[in-house]
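# Structure assessment
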Amino acid sequence: MESSDIITFWFEEIAPRQWFVKDSDFDEQIRQRFSDVHQAATRCELSPWRETPEGRLAEVIILDQFSRNLYRDTAQAFASDSLALALAQEAVSNGHDKALTPHQKAFLYMPWMHSESAVIHHEAVALFSQPGLEDNYQFELRHKAIIDRFGRYPHRNALLGRQSTPEELEFLQQPGSSF
């Protein structure tokens, strides 16, 4: 499989509405097509892809987005987040994000949004404030507010075996409390 296969699938073959919707059929499609490449990515076997902006983006999508589809509703959905973030940070340091379209940049930057670090969210606000990312910027602000308030995403607590505080439990009863 080539990095271009990931880019074509994510930005051309599927509808943007599929990116963030919980859909078991879509999860199964990703499982059937991309489980092997996901395993290769988690073993850092795709390093040649990192030579191009699109290749780096493909690796980040696999680790950040596909993990959520492959392992939905399990702790493993978040297991590659730190690796995805480190790869994305390196891509930005190398200026690879400058060669991407706004939609592509949004997915390169998504590991910042998924982080449970206030420091990382401070950086995310700057990244998502670029022109063309206005919708993503609003979502980042919502994510950051949760991290600023709780220091973590309460909707992950049960999956990660963390005890929720009474304040978090109250928050989780509110509409839009989880993503």
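Just above, that's the structure.
This write-up is about the structure you can find in this document. (Residues numbered from 1 in each chain as written. Predicted model: local features only at pLDDT ≥ 70, side-chain atom pairs only at ≥ 80, totals over all residues. Heavy atoms only, no water.)

## Section: the overall build of the protein chain
- Of the regular secondary structure elements, the protein chain holds nine helices and zero strands.
- Reading the protein chain from its N end, one meets helices and strands in the order α-α-α-α-α-α-α-α-α.
- Against the 2.2 N^0.38 benchmark of 16 Å for 179 residues, the protein chain shows a C-alpha radius of gyration of 16 Å, consistent with a compact globule.
- Judged by the C-alpha coordinates and their principal axes, the protein chain covers about 45 × 35 × 30 Å. (Helix = DSSP H or I, 4+ residues; strand = E, 2+ residues; numbered from the N terminus. Rg over C-alpha atoms; globule rule 2.2 N^0.38 Å.)

## As for unusual backbone geometry
- With a phi angle near 60°, C44 is a residue other than glycine that sits in the positive phi range.
- Of note, C44 is situated in the loop between α2 (24-42) and α3 (53-70).
- Of note in the backbone geometry, D73 takes a positive phi value of approximately 65° without being a glycine.
- In this fold, D73 is placed in the loop between α3 and α4 (81-93).

## Some thoughts on helix α5 (residues 102-114)
- The first and last C-alpha atoms of α5 sit 18 Å apart over 13 residues, in line with the 18 Å expected at 1.5 Å per residue.
- In α5, a bend of some 40° at L108 exceeds every other bend along the element, and P111, a proline, comes one to four places later.
- Where burial is concerned, most of α5 is hidden: 11 out of the 13 residues are buried.
- Of all the residues in α5, the buried ones are Q104, K105, A106, F107, L108, Y109, M110, P111, W112, M113 and H114.
- Among the structural elements, α1 (3-13), α3, α4, α6 (118-128) and α7 (134-150) are those in contact with the buried residues of α5. (Expected span 1.5 Å × (residues − 1). Bend = angle between axes of the 7 residues up to and from the residue. Buried < 20%, exposed > 50% of the residue type's maximum accessible area, 1.4 Å probe, protein only. Contact = heavy atoms within 4.5 Å.)

## Digging into the pattern of salt bridges
- Evaluated as defined, the whole model comprises 15 salt bridges.
- Here K22 ties to D73 by a salt bridge, and the two come within 3.2 Å at their closest N and O atoms. One end of the pair, K22, is in the loop between α1 and α2; the other, D73, is in the loop between α3 and α4, and 51 residues separate them in sequence.
- When the shortest N-O distance is used, the salt bridge between D81 and R156 registers 3.9 Å. Within this pair, whereas D81 is found in helix α4, its partner R156 is found in the loop between α7 and α8 (157-160), the two being separated by 75 residues in sequence. Taken individually, D81 and R156 each receive the classification buried, so the pair is uniform in this respect.
- Linked by salt bridges that have partners in common, D64, R68, D81 and R156 make up one network. (Salt bridge = Lys/Arg side-chain N within 4 Å of Asp/Glu carboxyl O.)

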